[in-house]
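Topology and contacts: notes
Next come the chains, spelled out residue by residue.
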Amino acid sequence: MYEHAPHHRLPLRRRNGRHRVAVAVAAAAAVAAGVLAPTAAFAGGRPDSVQSSLDTLSKDDGVPAALAAVKGRDGRTRTYTAGVGDLATGAKVPTDGQIRIGSNTKPFTAVVVLQLVAEGKVGLDSPVETYLPGLLRGDGIDGHGITVRQLLQHTSGLPEYVDKGAILANPNRYYEPRELLDAALAQKAHFAPGARWEYNNTNYLVAGLIIQKVTGRPLGEEINRRVVDRIGLRHTYFPTPGDTTIREAHPKGYHQEADGSFREYTDLDPSWGWAAGAVVSTTSDLSRFYAALLGGRLLPAAQLAEMRTTVPADSVGPGVRYGLGLMSNPLSCGGLYWGHLGTIPGYFSSGGATDDGRAAGVAVTMIPGDAAEQHVKAAVDTALCR
């Protein structure tokens, strides 16, 4: 959930030294060698382009592990892996292993809000004050002037709540949503509502609070019931309070230090990500989610059209536009795909789907540098264009 802000790429610190994993010769060799998934090696005697993309991420960019799932034009889903799932043991990457998807959570949250819009329980252009009276107050901040649409579209002007230093110094601490919001409200508004676009986790924190207020149920339960269970995402879930683990088979997540060593960053309390970044999933489930969303299985046509109504988001990339929790991205082969990015300590993911049903999800087990991040995005493009 750290997208689009290079200053977020800071060393991650943990208080317990046993989580530090040196880049030993054996582990480095395992990363360089890569591990191919059974479904991925060669097609028709030629290297598979998606597998080649993952191999590049592992061998050239040095990510510990890379994973992908691709639903092709034939309707089949193929999974891929490269690298190693555990630097200490050299264990293979679990095929379609679970990962923390960071800000790929935002489309899940946006879908629930838009379902409530379809049910007549929330108005997209109603002020936040309607649902959370008296909550948004601060320097230049007033819930009367910020609409639900502006939250989902990142045009509210609310300041960011994430305190990277505090969170990364104590990753197992639990945060209440209101505590996080208070950190944002202690700051000055960044701009007047609707004046411009600025990616901001606080917008989705407030959207999550609206969901809870309107439904009377915990956010995680609503996401699991309305999205995950509805389309049968068997390996996706919104963690319950206090759950710091990843439940199923998964590659371990890492952060690379300046000296080249890695620190494991697999287990953490995702409460600080909450509506903006807490979900755990797999690349195949992520692909399935975007395909189902674009295919009209989660929202009525009117609300899906609202979700796809965009504003420029050039800071993310050339030609990228942002709707309501959904980005449109140009494809090198023409057309575009709809999806999102997700960054959280230990993992980075990118996924999306096209209007004709192709879908892809790609993930790596560290927060990548700028070049590697572009290679992850390119891997999605490769998967959707082949």
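Basis of the calculations
- Residues numbered from 1 in each chain as written.
- Predicted model: local features only at pLDDT ≥ 70, side-chain atom pairs only at ≥ 80, totals over all residues.
- Heavy atoms only, no water.
- Pairing = 2+ DSSP bridges.
- Helix = DSSP H or I, 4+ residues; strand = E, 2+ residues; numbered from the N terminus.
- Expected span 1.5 Å × (residues − 1).
- Buried < 20%, exposed > 50% of the residue type's maximum accessible area, 1.4 Å probe, protein only.
- Contact = heavy atoms within 4.5 Å.
- Polar contact = N/O pair within 3.5 Å; in protein donor to acceptor, adjacent residues only side chain to side chain.
- Axes fitted to C-alpha atoms, helices over the stretch in contact; angles between N-to-C directions.
- Disulfide = S-S within 2.5 Å.
- pLDDT = per-residue confidence, 0-100.

As paired strands, strand β13 (residues 321-322) and strand β14 (residues 327-330) are joined by 2 bridges and run antiparallel to one another. Paired with Arg321 across the bridge in β14 is Ser328. Relative to strand β15 (residues 336-344), β14 is paired through 4 bridges, and the arrangement is antiparallel. Bridge assignment links Pro330 to a residue of β15, and that residue is Leu336. Hairpin connection from β14 to β15: 5 residues lie between these consecutive antiparallel strands, with Gly334 at a positive phi of about 105 degrees.

On to helix α7 (residues 201-215), then. With 15 residues, α7 ought to run about 21 Å at 1.5 Å a step, and its terminal C-alpha atoms sit 22 Å apart, in line with that. Most of α7 is tucked away: 11 of the 15 residues are buried. Of the residues making up α7, those classed as buried are Asn201, Thr202, Asn203, Tyr204, Leu205, Val206, Ala207, Gly208, Leu209, Ile210 and Ile211. Looking at the packing, one finds that the buried side of α7 touches α3 (105-118), α4 (148-153), α6 (177-185), α8 (219-228), α9 (274-277) and β13. The backbone nitrogen of Thr202 lies 2.7 Å from a side-chain oxygen of the residue at the head of α7, namely Asn200.

So, on to the environment of Val63. With respect to the helices and strands, Val63 occurs in the loop between α2 (49-59) and β4 (65-71). In this structure the C-alpha to C-alpha distance between Val63 and Ile367, which are 304 residues apart in sequence, comes to 8.8 Å.

Let us now look at the sheet that holds β15. Pairing within the open sheet is antiparallel, and its 8 strands lie in the order β5-β4-β17-β16-β15-β14-β13-β12. Here the strands that pair on one side only, and so sit at the sheet edges, are β5 (77-83) and β12 (311-312). α2 contacts β4, β5 and β17 (359-364) of the sheet and is inclined by roughly 25 degrees relative to β5. Along the sheet, helix α10 (residues 283-294) contacts β4, β15, β16 (347-353) and β17; its crossing angle with β17, the most-contacted strand, is approximately 145 degrees.

Next up on the list: the side chain of Ser156. Structurally, Ser156 can be placed in the loop between α4 and α5 (164-169). A polar atom in the side chain of Ser156 sits 3.1 Å from the backbone nitrogen of Leu158. One polar contact links Ser156 to Asn203, side chain to side chain, over a distance of 2.4 Å. Sequence-distant contacts of Ser156, that is, excluding residues within four places in its chain, are made with Ile146, Gln150, Leu151, Phe191, Ala192, Pro193 and Asn203.

Moving on, we come to the pairing of β4. Of all 7 residues in β4, 6 are buried; the element is thus mostly enclosed. Pairing analysis gives 7 bridges linking β4 to β5, with the strands arranged antiparallel. Within the sheet, the bridge partner assigned to Val70 lies in β5 and is Arg78. The turn joining β4 and β5, which pair antiparallel and follow one another in sequence, is formed by 5 residues; a positive phi near 85 degrees is taken by Gly75. Bridge count for β4 against β17 is 6 bridges, and the pairing is antiparallel. Bridging from a neighbouring strand, Lys71 pairs with Ala359 of β17.

By definition, a disulfide links two cysteine residues through a covalent bond between their sulfur atoms. Throughout the structure, instances matching the rule amount to 1 disulfide. With its sulfur 2.1 Å from that of its partner, Cys333 forms a disulfide with Cys385. Classification of the bridge connecting Cys333 and Cys385 rests on its S-S torsion, roughly -75 degrees, and on that basis the disulfide is left-handed. Of this pair, Cys333 sits in the loop between β14 and β15 while Cys385 sits in helix α12 (residues 370-385), and the two are 52 residues apart along the sequence.

The next subject is the confidence of the model for the protein. Within the protein, residue pLDDT values average 90, and 88% of them lie at 70 or more. Predicted confidence for residues 4-45 stays below pLDDT 50, and this span has 94 contacts to residues more than four positions away or in other chains.

Of the positions making up α2, those classed as buried are Val50, Gln51, Ser53, Leu54, Asp55, Leu57 and Ser58. Structurally, the start of α2 carries an N-cap: the backbone nitrogen of Val50 is 2.8 Å from a side-chain oxygen of Asp48.

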